[in-house]
Amino acid sequence: MIQAAIFGFGNIGSGVAAVLEENCKQVAKAVPGGIHVKYILDIRDFPDSPFADRIVHDIDVILSDPEIKVVCETMGGKEPAFTFSKRALEKGISVCSSNKELVEAFGPELLRIASENHCSYLFEASVGGGIPLLTPLLQNLAQEEIQSVTGILNGTTNYILTKMERYGADYAQVLKEAQDLGYAERNPAADVEGHDTGRKISIISSLISGKTIRFDDIYTEGITKITPVDFTWAKANGYSIKLLGRSKKAADPSGDGTAQIEVMTAPFLVKEGHPLYGVCDVFNGVLVHGNMVDDVMFYGRGAGKLPTGSAVVADMILAAKNIGQTVPVEWNPEVLVPVPSGECINAFFVRMNSTDAEKTRTVFADKISAVWSAQDDAEFVFVTCQMQENCFFDLLGKAGEALSVIRVL
Ligand SMILES: NC(=O)c1ccc[n+]([C@@H]2O[C@H](COP(=O)([O-])OP(=O)(O)OC[C@H]3O[C@@H](n4cnc5c(N)ncnc54)[C@H](OP(=O)(O)O)[C@@H]3O)[C@@H](O)[C@H]2O)c1
């Protein structure tokens, strides 16, 4: 039996305890004797919880117990999660985290400390909640040259966009409904401004490149400007609108083999028939393209107590099976700056007032690949061909003020 502890008994921490309890037989098949939660660290007491007798408020109680071999960090935020994780790793205790903010900011450092202390730092649950994604990327797809990863990585924004599409509802109205249902936080910025997706695509990009791609270097755009009218146009032309995190290998113009990568978080029009088109509500979907395996799709619940708790427990099992050694995760601290967004290649959906139609047609000329509006429409709506973003915004500046601009996948 492996003795474990939970740091942070909130949504996910209590999910970890529930998964270990309810699925103890399944866990014991993988780890002889199973994994037993000996301590739970939290600020609060939980007198009504069946785990009330295991709550402690002092981390040293856990770190000074030589029986503890694995902990899960489900506290969230950078501090004290970083200090607590570091101290556990320095004691040779493996740490399994669901905390994307911490992983994005300190992943390579915590991995190094784990390796120096013959234990593991694992973070499957930090991206895609319950969906096994990072481990398959690192293990089952290790032989692949990953050419792109495109994902719907945030359940809250996918829920909001799905409702806007289905019911023609306004963004603010759906956000309020999502908050009332507990799907969106009272301060929804991290979700709706794209930061949560950005952190996740930063972690994915770092793992597929083996270097560090910082969230701060990634172009990040949220969903706050998407309107019901955008959906009307998209729907009428066989598209949906999804917030995507996208990472793709870029052309190597210098030809010197220098790795280049385009990374972006933004809303995209996604065509019917594309594997991500049908990923709706709170679900997440991630499409990986490898040079040999072609397309591989991951789909499931990207958040929630039990799905995310399940992913944390998967890591705890892996760590428990590797006591005394480090489960390898290649992530070099060397920073790789992605291609500037202006140099990325994309197609765009554009809505203009029809009064600007003639000028826009002249300015964009052969860069327009399809016009969606009829001549007597109040709006001039078109889709461009694939072009450099700098070039697109330059032309748009000459054409007039757009009512809406959304990239097209
Ligand atoms: N919710 C999801 O579906 C989901 C999915 C994937 C990943 N994650 C990530 O998982 C992490 C946890 O999320 P969550 O939703 O479970 O958050 P949560 O419900 O707020 O749980 C965090 C828990 O940690 C406790 N805590 C905070 N600071 C502490 C400290 N200094 N010492 C001891 N305990 C402390 C909190 O206590 P108080 O409540 O008293 O502050 C709370 O009980 C976050 O990084 C989140 O991004 C969440």
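Thresholds, definitions, all that
- Residues numbered from 1 in each chain as written.
- Predicted model: local features only at pLDDT ≥ 70, side-chain atom pairs only at ≥ 80, totals over all residues.
- Heavy atoms only, no water.
- Helix = DSSP H or I, 4+ residues; strand = E, 2+ residues; numbered from the N terminus.
- Rg over C-alpha atoms; globule rule 2.2 N^0.38 Å.
- Contact = heavy atoms within 4.5 Å.
- Lys, Arg positive; Asp, Glu negative; His and termini not counted.
- Charge placed at Lys NZ, Arg CZ, Asp CG, Glu CD.
- Near = heavy atom within 4 Å.
- Polar contact = N/O pair within 3.5 Å; in protein donor to acceptor, adjacent residues only side chain to side chain.
- Areas by Shrake-Rupley, 256 points an atom, 1.4 Å probe, with all protein chains shown as cover.
- Pairing = 2+ DSSP bridges.
- Axes fitted to C-alpha atoms, helices over the stretch in contact; angles between N-to-C directions.
- Parallel < 35°, antiparallel > 145°, perpendicular 65-115°, else oblique.
- Left-handed = near helix turned anticlockwise from the far one by under 90°.
- Nonpolar A, V, L, I, M, F, W, Y, C, P; charged D, E, K, R; others polar.
- Core = buried A, V, L, I, M, F, W, Y, C linked by side-chain atoms within 4.5 Å.
- Buried < 20%, exposed > 50% of the residue type's maximum accessible area, 1.4 Å probe, protein only.
- Domains from an automatic or database assignment.
- Arc of directions from axis to C-beta.
- Buried area = accessible area lost by both parts, 1.4 Å probe.
- Salt bridge = Lys/Arg side-chain N within 4 Å of Asp/Glu carboxyl O.

Asker: Could you give me a rundown of the overall build of the protein chain, with the residues and numbers involved?
Answerer: Helix and strand content of the protein chain: 14 helices and 17 strands. For 409 residues, the compact-globule estimate of 2.2 N^0.38 gives 22 Å, and the C-alpha radius of gyration of the protein chain, at 23 Å, lies within 12% of that figure. In terms of its C-alpha atoms, the protein chain occupies a principal-axis envelope of roughly 75 × 55 × 35 Å. Put simply, of all contacts in the protein chain between residues at least 6 apart along the chain, 73% involve residues at least 24 apart. When the 36 basic and 52 acidic side-chain charges of the protein chain are each reduced to a single mean position, those positions are 3 Å apart.

Asker: I'd love a proper account of the site of the ligand, names of residues and values included.
Answerer: Near the ligand lie 20 residues; those nearest to it are Ile 12, Asp 42, Arg 44, Ser 98 and Gly 304. Contacts to the ligand include Lys 100, whose side-chain N or O atom sits 3.1 Å from an oxygen atom. One of the backbone N or O atoms of Gly 304 is found 2.8 Å from an oxygen atom in the ligand. Isolated, the ligand exposes 880 Å² of accessible area, and the fraction of that covered by the protein chains is 71%.

Asker: Provide a residue-level description of the sheet that holds strand S2 (residues 35-41), including the pertinent values.
Answerer: Hydrogen bonds along the backbone pair up the strands of a sheet, which may run parallel or antiparallel. The six strands are arranged S3-S2-S1-S4-S5-S6 in an open sheet whose pairing can be described as parallel. Bordering the open sheet on either side are strand S3 (55-56) and strand S6 (121-122), each of which pairs with just one other strand. In terms of strand pairing, strand S4 (residues 68-73) meets strand S5 (residues 94-97) through four bridges, oriented parallel. Pairing of Val 70 across the sheet is with Ser 94, part of S5. Along the sheet, helix H1 (residues 11-22) contacts strand S1 (2-7), S2 and S4; its crossing angle with S1, the most-contacted strand, is approximately 155 degrees.

Asker: Tell me about the side chain of Asn 346, and please be specific about residues and values.
Answerer: When you line up the elements, Asn 346 lands in strand S13 (residues 345-353). Side chain to side chain, Asn 346 and Glu 389 meet in a polar contact 2.8 Å long. Discounting chain neighbours no more than four positions away, the residues touching Asn 346 are Arg 246, Met 264, Phe 268, Cys 385, Gln 386, Met 387, Glu 389 and Arg 407.

Asker: Requested: an account of the packing of H1 against helix H12 (residues 305-320), with residues and values cited.
Answerer: Two quantities define a packed helix pair, namely the angle between the axes and the distance from one axis to the other. Put simply, H1 and H12 touch, their axes get as near as 7 Å, and they point 65 degrees apart. On the basis of their axis angle, the class for H1 and H12 is roughly perpendicular. Once H1 is placed against H12, the crossing between them reads as right-handed. Along the contact surface, H1 presents Asn 11, Ile 12, Ser 14, Gly 15, Val 16, Ala 18, Val 19 and Leu 20, while H12 presents Lys 305, Leu 306, Thr 308, Gly 309, Ser 310, Val 312, Val 313 and Met 316. Across the contact of H1 with H12, the residue classes tally to nine nonpolar, six polar and one charged.

Asker: Which residues make up the nonpolar core, and what values go with them?
Answerer: Ranked by internal contacts, the top residues of the largest apolar core, which has 79 residues, are Ile 35, Tyr 121, Phe 123 and Met 316. Element by element, the count of residues in this core is highest for H12, at seven residues. Summarising the domain contributions, this core has at least three residues from each of domain 1 (2-130 + 306-320) and domain 2 (136-302). Counting residues in hydrophobic clusters, the runner-up holds 27 residues, among them Leu 161, Tyr 171, Ala 347 and Phe 349.

Asker: Talk me through helix H13 (residues 357-364); I want residue IDs and the actual numbers.
Answerer: Buried within H13 we find Ala 357, Thr 360 and Phe 364. Down the axis of H13, the sector holding all buried residues measures 65 degrees, keeping them to one side. Exposed and oriented more than 90 degrees from the buried face of H13 are Glu 358 and Thr 362. Looking at the packing, one finds that the buried side of H13 touches S13, strand S14 (368-371), strand S15 (379-384) and helix H14 (389-399). Residue Ala 365 follows H13 closely and has a positive phi angle near 45 degrees.

Asker: If you had to explain the domain arrangement of the protein chain to someone new, which residues and values would you point to?
Answerer: In terms of domains, the protein chain is made up of domain 1 (2-130 + 306-320), domain 2 (136-302) and domain 3 (342-408). Each of domain 2 and domain 3 has a C-alpha centre, and the two are 23 Å apart. Listed per partner, the contact involves 19 residues of domain 2 and 16 residues of domain 3. Of all residues in domain 2, Asp 230, Trp 233 and Leu 269 give up the largest surface area on contact with domain 3, accounting jointly for 42% of the area buried on that side. Here Arg 351 and Asp 230 are joined by a salt bridge, their closest N and O atoms 2.6 Å apart. Along the contact surface separating domain 2 from domain 3 lie six residue pairs in polar contact (both at pLDDT 80 or more). Within the residue set of the side of domain 2 that touches domain 3, elements represented by two or more residues are helix H11 (228-236), strand S9 (239-249) and strand S10 (261-271).

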